[in-house]
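Structural features, examined
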Amino acid sequence: MTLMKVINNILTGNKPSKTSVPFIKFDFKKVLLIFFIVFLITNTGIIAKAAKSTNQKQLIIDNIKEASNGNTVEYNYNKANSSLSAKISSKNLSKGYYTTIFYNKLNNDFLNYKMINFNIDNESKNELRINFMINKPNGTNLSLQNNKSVLLKEENSLLTEKVLTSYGSIAIPKGFRGLVYIPFDSLGKSIENKKDKKIIISDASTWWGISITSSENEEKIFNLSNFTLSNSNTELTKISNLNFNLEGDNQVQIPIVGESISQFKANPYDSYNHILTNKITYKIDSPIKGISVTDDGILKIEAGVKPQKIQIDAIDSSDSFYISKEIQLYNSWTLNSKDINGVKRSIPQISEVSKLPSNLYSFFLSTKVLNFIRICFIILILICTYIFILSNKKRNNE
């Protein structure tokens with residue numbers, strides 16, 4: 001009997017003949033049970049997927065406003081893709097610092113979220129210093145506080161950089177294009193109004209925004225887009241909570257001869273201050289001739305390197321994130337220092353040492369000649385000693 005006839009018998013309930021393929025018993029209860037289990041699994045998957053999607057929320061920029069204390073500001077925003085492009089200029093302004101704020105006046109729910117992230121493209125000729133702010137319904141302004149963690153992930157990079165805020169902002173490098181992750185744990189009140197130990201993000205805000213700070217005669221050009229709230233990315237939250245600092249000198253002296261060394265060390269600690277046994281690797285952010293760093297974090301600077309700022313990266317290989325430290329290389333004060341007679345105080349370079357005038361000096365200072373002179377001197381001492389002993393002996397006999 002063909003396979004089609006067997007299937008037909010199952011559907012019609014006819015029993016096959018004895019000479020046919022053995023009858024396959026059809027248990028409707030088992031089939032219904034299996035179907036019910038598959039339905040539950042499939043339905044659970046759908047529910048889980050829907051729950052996961054609620055862990056992220058897109059922020060819509062549809063009521064953008066701008067405020068500045070002197071800058072010339074040009075901007076436009078696209079509601080369709082929730083993006084903002086801006087050009088800020090402080091040219092011809094007096095010496096000082098100027099701030100521009102772009103803020104969205106629509107109420108937003110931040111209560112159930114741990115982090116906000118957005119894309120940024122810094123087209124400026126130098127770094128871009130920004131801050132993220134939330135205004136609570138009670139009038140309290142929250143913003144990034146100093147020495148708090150922010151994560152940067154450059155486009156097409158597998159590594160996430162952990163940076164610390166300073167001077168009330170974070171520095172977005174020149175030419176940076178990628179994602180900025182701001183944990184809400186890094187937000188706090190202004191210093192003069194800081195009273196409570198822990199800031200609670202309210203369930204709504206009267207406005208939220210981004211501030212840009214610049215000094216006089218600067219031009220900032222940048223694009224912001226894809227503002228997203230998140231509470232599901234536990235890996236990034238874990239990285240932001242790590243106490244991970246690169247310890248070492250902020251300034252290293254360039255040697256006049258030879259090389260100088262400086263030790264750097266980075267260890268990640270968790271929230272319980274337990275050191276994590278992750279492997280840390282070190283590298284110079286932009287390789288420079290005469291500058292190197294070992295696997296143990298020892299920075300080596302060779303003579304002849306020019307004074308400059310360099311950056312050392314400490315990379316946590318297990319979690320694919322890193323921190324950086326900027327170091328200023330400087331010349332020794334003795335390099336151009338002279339005493340009252342005009343003699344340099346610094347160690348002379350090999351090229352500055354005068355060479356001997358002829359080969360005669362080289363001959364007398366060779367190892368063979370020096371050894372011959374030493375032997376002759378020893379023999380002379382022995383002869384003198386022998387003569388002295390004989391003269392004393394003769395004097396005693398007389």
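Residues numbered from 1 in each chain as written. Predicted model: local features only at pLDDT ≥ 70, side-chain atom pairs only at ≥ 80, totals over all residues. Heavy atoms only, no water.

Time to look at the overall build of the protein. For the protein, the helix and strand inventory stands at five helices and 24 strands. When burial is assessed residue by residue, the protein has 33% of its 398 residues classed as buried. A total accessible area of about 26200 Å² is found for the protein, and carbon and sulfur atoms account for 56% of it. (Helix = DSSP H or I, 4+ residues; strand = E, 2+ residues; numbered from the N terminus. Buried < 20%, exposed > 50% of the residue type's maximum accessible area, 1.4 Å probe, protein only. Areas by Shrake-Rupley, 256 points an atom, 1.4 Å probe, with all protein chains shown as cover.)

On the surface, Ile375, Ile379, Ile383, Tyr386, Ile387 and Leu390 cluster together into a nonpolar patch covering about 580 Å² of accessible area. Inspection of the secondary structure assignment puts Ile379 in helix α5 (residues 367–397). Among the residues examined, Ile379 registers a relative accessible area of 44% and is labelled partly exposed. (Patch = residues over 30% accessible without salt bridge, like charges linked within 9 Å, V, L, I, M, F, W, Y side chains within 5 Å. Salt bridge = Lys/Arg side-chain N within 4 Å of Asp/Glu carboxyl O.)

Let us look at the layout of surface pockets. Reported here for the largest pocket is a volume of approximately 1400 Å³. Glu161, Val163, Gln311, Ser324 and Glu326 are the residues nearest the centre of the largest pocket, which is lined by 38 residues in total. For the lining of the largest pocket, the elements supplying multiple residues, two or more each, are β9 (149–154), β10 (160–164), β11 (170–172), β16 (243–247), β23 (308–316) and β24 (321–331). It is β24 that contributes the most residues to the lining of the largest pocket, seven residues altogether. Partitioning the lining of the largest pocket into residue classes produces 15 nonpolar, 12 polar and 11 charged. (1 Å grid on protein atoms, 1.4 Å probe; cavity = no way out; pocket = protein on both sides within 12 Å on 5 of 7 lines; lining within 4 Å. Points joined across faces, edges and corners; volume = space filled by probe spheres on them. Nonpolar A, V, L, I, M, F, W, Y, C, P; charged D, E, K, R; others polar.)

A few words on the pairing of β24. Strand direction decides the pairing type here: β10 and β24, joined by two bridges, are parallel. Pairing of Thr160 across the sheet is with Phe321, part of β24. Sheet topology note: the strand β17 (residues 251–254)/β24 ladder contains four bridges and is parallel. Bridge assignment links Gln251 to a residue of β24, and that residue is Gln328. Relative to β24, β23 is paired through nine bridges, and the arrangement is antiparallel. Looking at β24, one finds that Lys309 is bridged to Gln328. (Pairing = 2+ DSSP bridges.)

Residues of the protein with pLDDT of at least 70 account for 71%, and the chain-wide mean is 78. Note on residues 39–53: pLDDT under 50 across the span, and zero contacts to partners over four residues away in sequence or across chains. The model gives residues 191–197 a pLDDT under 50, and that stretch makes three contacts with residues more than four places away or in other chains. (pLDDT = per-residue confidence, 0-100. Contact = heavy atoms within 4.5 Å.)

If you walk through the whole model with that rule in mind, you get seven aromatic pairs. Measuring from centroid to centroid gives 5.6 Å for Tyr103 and Trp207, while their planes differ by 55°, and the two rings are tilted. Residue Tyr103 is found in strand β5 (residues 97–104), and its partner Trp207 is found in strand β14 (residues 207–215); the two are separated by 104 residues along the sequence. Per residue, the accessibility class of Tyr103 equals that of Trp207, and both read buried. Taken together, the aromatic side chains of Phe118, Phe132, Trp208 and Phe227 make up a single cluster linked through ring pairs. (Phe/Tyr/Trp six-rings, centres within 6.5 Å; stacked < 30°, edge-to-face > 60°.)

Further remarks concern the environment of Lys279. Its place among the elements puts Lys279 in the loop between β19 (265–269) and β20 (280–284). With residues near it in sequence (within four places) discarded, Lys279 still touches Ile315, Asp316 and Ser317.

Next up on the list: the environment of Leu59. Structurally, Leu59 is set in the loop between β1 (56–58) and β2 (64–68). Each C-alpha atom, one on Leu59 and one on Phe118, is 9.8 Å from the other, the two residues being 59 residues apart in sequence.

Before going further, it helps to spend a moment on the pattern of salt bridges. Opposite charge on two side chains lets them pair, provided their charged atoms get close. Under the criterion given, the structure shown has seven salt bridges. Of the charged contacts in the structure, one is a salt bridge between Glu127 and Arg129, with a shortest N-O distance of 3.2 Å. Overall, Glu127 belongs to the partly exposed group, its relative accessible area being 37%. Taking relative accessible area as the criterion, Arg129 reaches 18% and is therefore assigned buried. Beyond isolated ion pairs, a larger network of salt bridges with shared partners links Asp121, Glu155 and Arg177.

Take the sheet that holds strand β22 (residues 298–302) next. Strand order in this open sheet of three strands is β18-β22-β21, and the pairing throughout is antiparallel. Here the strands that pair on one side only, and so sit at the sheet edges, are β18 (259–263) and β21 (291–293). Ignoring strand direction, the axes of neighbouring strands in this sheet form an average angle of 20°. Note that β21 and β22 share three bridges and pair antiparallel. (Axes fitted to C-alpha atoms, helices over the stretch in contact; angles between N-to-C directions.)

This part takes up the pairing of strand β8 (residues 141–144). With three bridges connecting them, strand β7 (residues 128–135) and β8 associate as antiparallel partners. Residue Asn135 lies in a different strand from β8, and its bridge partner there is Asn141. Hairpin geometry of β7 and β8 is characterised by an intervening segment of five residues between the two adjacent antiparallel strands and by a positive phi of about 95° at Gly139. The sheet contact formed by β8 and strand β13 (residues 187–188) spans two bridges and is antiparallel. Each bridged residue has a counterpart across the sheet, and for Leu144 the counterpart in β13 is Leu187.

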